[in-house]
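Residues per chain, in single letters:
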Amino acid sequence: MGILSLVEDRPTPKCVYNLRVYTCAAVAAFCAVMIGYDSAFIGGTLALTSFKNEFNWKQYSTAEANLITENIVSLYQAGAFFGALGAYALGHYLGRKKGLQVFSGIFILGAGLMLGANGSRGLGLIYGGRVLAGIGVGGASNLTPIYISELAPPAIRGRLVGLYEMGWQIGGVVGFWINYGVSITMPADHAQWIIPFAVQLIPAGLMFIGLFFIKESPRWLMSRGKRTKALKNLCWIRKLKTEDMYMLEEVAAIDAALEHQHATVGLGFWQPFQALWGDRKVSYRFFLGCSLFFWQNTSGINAINYYSPTVFKSIGVTGTNTSLLTTGIFGVIKAVVTIIWLFFLIDNLGRRNLLMIGAIGGAICLYYVGAYIKIADPANHPSASGQLSGGGISAMFFFYLWTVFYTPSWNGTPWVYNSEMFPQNVRTLGQAFAAASNWLFNFLVARFTEQMFTAMGYGVYFFFASLMICSVVFVFFLLPETKGVPLESMDRLFSKDLKPRHAHAIVMKELNEDEEAFRRNVEGSGIGLEKENLGEKAAHLETV
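Residues numbered from 1 in each chain as written. Predicted model: local features only at pLDDT ≥ 70, side-chain atom pairs only at ≥ 80, totals over all residues. Heavy atoms only, no water.

*Asks:* Describe the environment of leucine 85, listing the residues and the values that go with them.
*Replies:* By the element assignment, leucine 85 lies in helix α4 (residues 62-93). Residue classification places leucine 85 among the partly exposed residues on the basis of a relative accessible area of 33%. Excluding residues that lie within four positions of it along the chain, leucine 85 makes contacts with Ala432 and Ala436. (Helix = DSSP H or I, 4+ residues; strand = E, 2+ residues; numbered from the N terminus. Buried < 20%, exposed > 50% of the residue type's maximum accessible area, 1.4 Å probe, protein only. Contact = heavy atoms within 4.5 Å.)

What follows is the structure, encoded as C-alpha cells:
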C-alpha cells in the first residue's frame, strides 16, 4: 500500500465516493467561509484610514486604540464561545441540518446589524453585530464537522471534514485581498470600509439557501428513532440499494453502537453530561479535544490572522498597502497548501504524523523569525530605503515557510479529529466543548495580542515556537491515529489497554477480521436492513 493510498475499513463500492456526499459536505462547510473571511478581513479593515477617520481614531491614545480594536475583534470570539455551547441543544433536538440553518440566520442578522454603523451612531452596532455573528459561527463550527463526519465514508472522512478547512482558507483569501483591493482602488470614505463588512452576507446567504437542499444526518435520525427516514437518506447519500452488502454492514454497525450506548450511557439530552463527569474514558476524550485547540491557538495563527499588520510591522514591513499585500500573499499560500492537505495528506499520512511534522517545522521557523527581530530590531532600525533588508527578506521567507508547515497540520486537523473521536451519544456535546474551547483560546489570543507584542516584542515568536514543541510531546504520547477507522469503532481505538501510537494498527486488523466474519454470515442469508433481521454486528465496542 502506497503512502498516498486511501485506507478503507472494508471493501467499498466506488459509487460511495460520489458527488452527493461531497455536495452535502461543501454546503455545510460554507460556515467556515464565514469564519475564515472574518478572521482575515477584520484586522485589515480596522487598519484602514477611512475607518479610523470615520470613528475619529485620533481622539484615542495608543493604549485606548489598541483596547477598542481588541474589543471589536474579541467580541466575535466571545459570542462564538456561547454559540458553540448552545449548539449542543439545537443539534440534539433539531438535528444537524436545522441547527445549521438557525445559526446561519443568526449570523446574517449580526452581519446586517454591523452595516448600520457610522461615525454619528458610533461603534455600538458593530459591537452588537459582532456578538451575534460570533454566536452564529460558534454554533455552526460545532455542528458542521459533526454533520460531515456522520455522513462521510471512513476512507475520505478526513477529506470531507477538511472541506471545512478549505472553506476557511477560501474565506481567508477573500478577506485578506478585499482589504488590499479597497485600499488601492477606492477613496478613503465610508464605502471603503463598509464593503468588507457587507461581503460577510454572501457566504452566509449561500449557506442558508443551500441547507434546504441537502439531507439530514442518517446517524442523528437513527439516534432519534427515525429509522425509515435515516435509511432513505443513507441510501441516497451512498447511491446504493438497501440490500447492498456495504449498506448492511454500515447499518449493522450503527445499530450495534446505538444499542450499546442506549444500554450504558443512554441517548437522552442529559445523559452525555453524566458520562462526561462520571466516566473517565469519556472525560479523557473531552480533555484531548479541548487540548488540541489549546495547542492550535498557541501556535500563533490567530495572532497573525487578526493582527497581521502588527505582525508584519514587527518584521519590518512598512506602509498600510504593503502590509495588506503581504497579508494577501500569506492567505494565498494558506489556501494552496490547504488544497494539498485536503486531497493528498489528511487521509493518507494521517492525523498524528501531520501534527508532529507541522509542529517541529513550524517551531524552527518561528525561532528564526524571533531571532532576526531580536538581532536586527527592524522597528527601531528601519532600512534607509524603506525596503526590507536581506535579513528581513529571510525572515519573511521563514514566516511563509511556517505557513507551509502549520496549514496542513494544526490549522484543520484538530477539527477533523474532534469530529470523529466521540461516540454518537456524546458527539454533539463533545464537539460543543471542543469548539467552545477553541473560541475561548481564540478570544484570549485576540484580546491580548496587541499587549503581547508591546510588552514582549520578539519574545512573542519564541513563546509560540516553544509551545509548538510542547505539542509534539502531547501528540506522540496521547493521540491515536484515526484515519480509516469507522465512527462506531472509536471506543476500541481509545480503549485504555491500547497504547495510542500502536492502537491504529491493532484496530484496523481487528476490523478486517470482523468484516470477513460478517460477510461469511450474511452472504446468501437474505438479510435486509430491518433491525430485527440484522442483529448485532460483531464489533469491538468498549463500555463507555
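*Asks:* So what about the nonpolar core? Which residues, and what values?
*Replies:* In this structure, Phe51, Ile126 and Trp193 are the most contacted members of the largest nonpolar core, which totals 90 residues. Every residue in contact with tryptophan 193, bar those within four places of it in the chain, is listed here: Thr45, Leu48, Ser50, Phe51, Glu54, Phe55, Ala117 and Ile126. Counting 64 residues, the second largest nonpolar core, distinct from the first, contains Tyr372, Trp410, Phe453 and Leu479. (Core = buried A, V, L, I, M, F, W, Y, C linked by side-chain atoms within 4.5 Å.)

*Asks:* Report on empty space enclosed by the protein, specifying residues and quantitative values.
*Replies:* Over the atoms, a rolling probe the size of a water molecule traces out where space has been left empty. Summed over all chains, the structure comprises five cavities of 30 Å³ or more. As for the second largest cavity, its lining consists of Tyr88, His92, Arg96, Trp220, Ser223, Arg224, Leu267, Gln424, Asn425, Arg427 and Thr428. Ranked by the residues each element gives to the lining of the second largest cavity, the list is headed by helix α21 (residues 424-456), at four residues. For the lining of the second largest cavity, the class distribution of residues is three nonpolar, five polar and three charged. (1 Å grid on protein atoms, 1.4 Å probe; cavity = no way out; pocket = protein on both sides within 12 Å on 5 of 7 lines; lining within 4 Å. Points joined across faces, edges and corners; volume = space filled by probe spheres on them. Nonpolar A, V, L, I, M, F, W, Y, C, P; charged D, E, K, R; others polar.)

*Asks:* A description of a nonpolar patch on the surface should follow, citing residues and the corresponding values.
*Replies:* Together, Val332, Val336, Ile339, Ile340, Phe343 and Phe344 line one region of the surface with nonpolar side chains, adding up to about 500 Å² of accessible area. Among the structural elements, isoleucine 339 can be located in helix α17 (residues 320-345). Exposure remark for isoleucine 339: the relative accessible area of 40% places this residue in the partly exposed category. (Patch = residues over 30% accessible without salt bridge, like charges linked within 9 Å, V, L, I, M, F, W, Y side chains within 5 Å. Areas by Shrake-Rupley, 256 points an atom, 1.4 Å probe, with all protein chains shown as cover. Salt bridge = Lys/Arg side-chain N within 4 Å of Asp/Glu carboxyl O.)

*Asks:* Describe in detail the environment of lysine 241, supporting the description with residues and values.
*Replies:* With respect to the helices and strands, the residue lysine 241 is situated in the loop between α11 (227-238) and α12 (245-263). Taking relative accessible area as the criterion, lysine 241 reaches 61% and is therefore assigned exposed. Once you skip the residues sitting within four places of it in the chain, lysine 241 turns out to touch Cys235 and Met247.

*Asks:* Tell me what's going on with the confidence of the model for the protein, and back it up with residues and numbers.
*Replies:* Averaged over all residues, the pLDDT of the protein is 86; the fraction at 70 or higher stands at 91%. When pLDDT is averaged over each helix and strand of the protein, the minimum, 57, is found for helix α25 (residues 531-534) and the maximum, 96, for helix α5 (residues 96-114). When the criterion is pLDDT under 50, residues 536-544 qualifies, and its contacts beyond four places in sequence or with other chains add up to 32 contacts. (pLDDT = per-residue confidence, 0-100.)

*Asks:* Tell me about helix α19 (residues 390-411), and please be specific about residues and values.
*Replies:* Along an α-helix, residues three or four positions apart point the same way, because every turn accommodates 3.6 residues. Compared with the 32 Å implied by 1.5 Å per residue over 22 residues, the 29 Å span of α19 between its first and last C-alpha is a close match. Its maximal kink placed at phenylalanine 405, α19 deviates by approximately 35°, while the proline proline 408 follows within four residues. (Expected span 1.5 Å × (residues − 1). Bend = angle between axes of the 7 residues up to and from the residue.)

*Asks:* Would you mind going over the pattern of salt bridges in detail, with residue names and values included?
*Replies:* The tally for this structure, following the rule as stated, stands at 13 salt bridges. Taking the shortest distance from any N to any O, the salt bridge between glutamate 150 and arginine 427 comes out at 3.0 Å. Within this pair, whereas glutamate 150 is found in helix α6 (residues 124-151), its partner arginine 427 is found in helix α21, the two being separated by 277 residues in sequence. The exposure classification of glutamate 150 matches that of arginine 427, with both residues buried. A salt bridge links aspartate 491 to arginine 285; the nearest nitrogen and oxygen atoms lie 2.8 Å apart. Of this pair, aspartate 491 sits in helix α23 (residues 490-493) while arginine 285 sits in helix α14 (residues 280-297), placing them 206 residues apart in sequence. A relative accessible area of 4% means that aspartate 491 is categorised as buried. Note on arginine 285: relative accessible area 3%, which makes it buried. A network of salt bridges, in which partner residues are shared, links Arg157, Asp347, Arg351 and Glu420.

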